[in-house]
Amino acid sequence: MSRIQCPRCLRPQTHCLCPLIPSLDSRTRVLLLQHPSEVNHALNTARLAALGLKNAELIVGEVFEDLPVLLNRPGYQARLLFPAEEAQPLQAYTSTDEPLLLVVPDGTWRKARKMLHLNPLLAALPRVTLAEGGVSRYRLRKAPGPGALSTVEAIVQALQTLEPPTTFEPLLKPFEALIEGQIAAMGEETFQRNHGPK
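Residues numbered from 1 in each chain as written. Predicted model: local features only at pLDDT ≥ 70, side-chain atom pairs only at ≥ 80, totals over all residues. Heavy atoms only, no water.

Focus: the sheet that holds strand E4 (residues 88-89)
This is how it is decided: Pairing between strands is defined by DSSP: at least two bridges between the two strands are required. Runs of H or I in DSSP of at least four residues are treated as helices and runs of E of at least two as strands, each being numbered from the N terminus. Residue contacts follow a heavy-atom distance rule, with two residues in contact if any of their heavy atoms lie within 4.5 Å. Axis geometry follows a simple rule: fit a line to the C-alpha atoms, using only the stretch in contact for helices, then measure angles between N-to-C directions, giving values from 0 to 180 degrees.
The 6 strands are arranged E2-E1-E5-E3-E6-E4 in an open sheet whose pairing can be described as parallel. Where the open sheet ends on each side, the last strands, each with one partner, are strand E2 (56-60) and E4. Running over the sheet, helix H5 (residues 151-162) touches strand E1 (29-34), strand E3 (77-81) and strand E5 (100-106) and is turned about 165° from E5.

This is the structure we're talking about:
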């Protein structure tokens, strides 16, 4: 028998994260493009980010037909948060610039690259990147490399860079509760064996 789900955060009702999800304003608009395989993922951090930011939108798919409309919001300059040699560091943008429409693909690196391949308009966007050395709090997954962050962590870091001194840390509260819950469910011993320091 399946457990009753919260319709908002999609967590089992007994582990609903809604009381921890903030409602934050941001000058930057965040557009999350989520690969369908991420929707039912236990740690759906893109959804947490979209729920916690008033100026955010989450769209699920692989091919996005309405990209021309989504990317051309009046008053915003669209940038793709994705690494590339020519990517501009976010620190280069100041509060005097036109606010950013930050486009964030959500999926594994392979699936995110596929989304760019299937959506030439996305691939053609100027790219921006986070400062190096970000340390993930995502203790349940082996990061593919240094600086690899979950989607919500990447968004928090991007917004903190673009909109100082505003803090977007409250967005990480439900994420941390989610991780604590997963660790508790698997038991400390299993967690240490599989994810603890080697």
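With respect to the side chain of glutamine 34
In plain terms, the rule: Any pair of nitrogen or oxygen atoms within 3.5 Å is treated as a polar contact; in protein, a donor-acceptor pairing is required on top of that, and neighbouring residues in sequence qualify only through side-chain atoms on both sides.
Along the chain, the position of glutamine 34 falls in strand E1. A polar side-chain atom of glutamine 34 sits 2.8 Å from a polar atom in the side chain of asparagine 44. Discounting chain neighbours no more than four positions away, the residues touching glutamine 34 are Val39, Asn44, Ala46, Leu58, Ile59, Val60, Gly61, Phe64, Asp106 and Met115.

Some details on the packing of helix H1 (residues 45-52) against H5
For clarity, the cut-off: Here is the rule for angles: anything less than 35 degrees is roughly parallel, anything more than 145 is roughly antiparallel, 65 through 115 is roughly perpendicular, and the remaining ranges are oblique. Amino acid classes used here: Ala, Val, Leu, Ile, Met, Phe, Trp, Tyr, Cys and Pro are nonpolar; Asp, Glu, Lys and Arg are charged; the rest, including Gly, are polar.
Where H1 contacts H5, the axes come no closer than 7 Å and their chain directions differ by 40°. In terms of axis orientation, H1 runs oblique to H5. Within the contact between the two elements, H1 uses Thr45, Ala46 and Ala49 and H5 uses Thr151, Val152 and Ile155. Across the contact of H1 with H5, the residue classes tally to 4 nonpolar, 2 polar and no charged.

Considerations on the side chain of threonine 151
Mapped onto the elements, threonine 151 comes out in helix H5. Ignoring any residue separated from it by four or fewer positions in sequence, one finds threonine 151 in contact with Leu32, Thr45, Ala46, Val104 and Asp106.

As for H1
So the rule is basically this: Three labels apply to residues, based on accessible area from a 1.4 Å probe with only protein chains included: buried if under 20% of the type maximum, exposed if over 50%, partly exposed otherwise in between.
In terms of residue burial, H1 counts as a mostly covered element, since 6 of its 8 residues are buried. All of the buried residues along H1 are Thr45, Ala46, Leu48, Ala49, Ala50 and Gly52.

Things to note about helix H3 (residues 109-118)
Our working definition: This arc is built from the directions going out from the helix axis to the C-beta atoms.
For H3, the set of buried residues is Ala112, Met115 and Leu116. An end-on view of H3 places all buried positions within 100° of arc, on one side of the element. Residues of H3 that are exposed and angled more than 90 degrees away from the buried face: Arg110 and His117.

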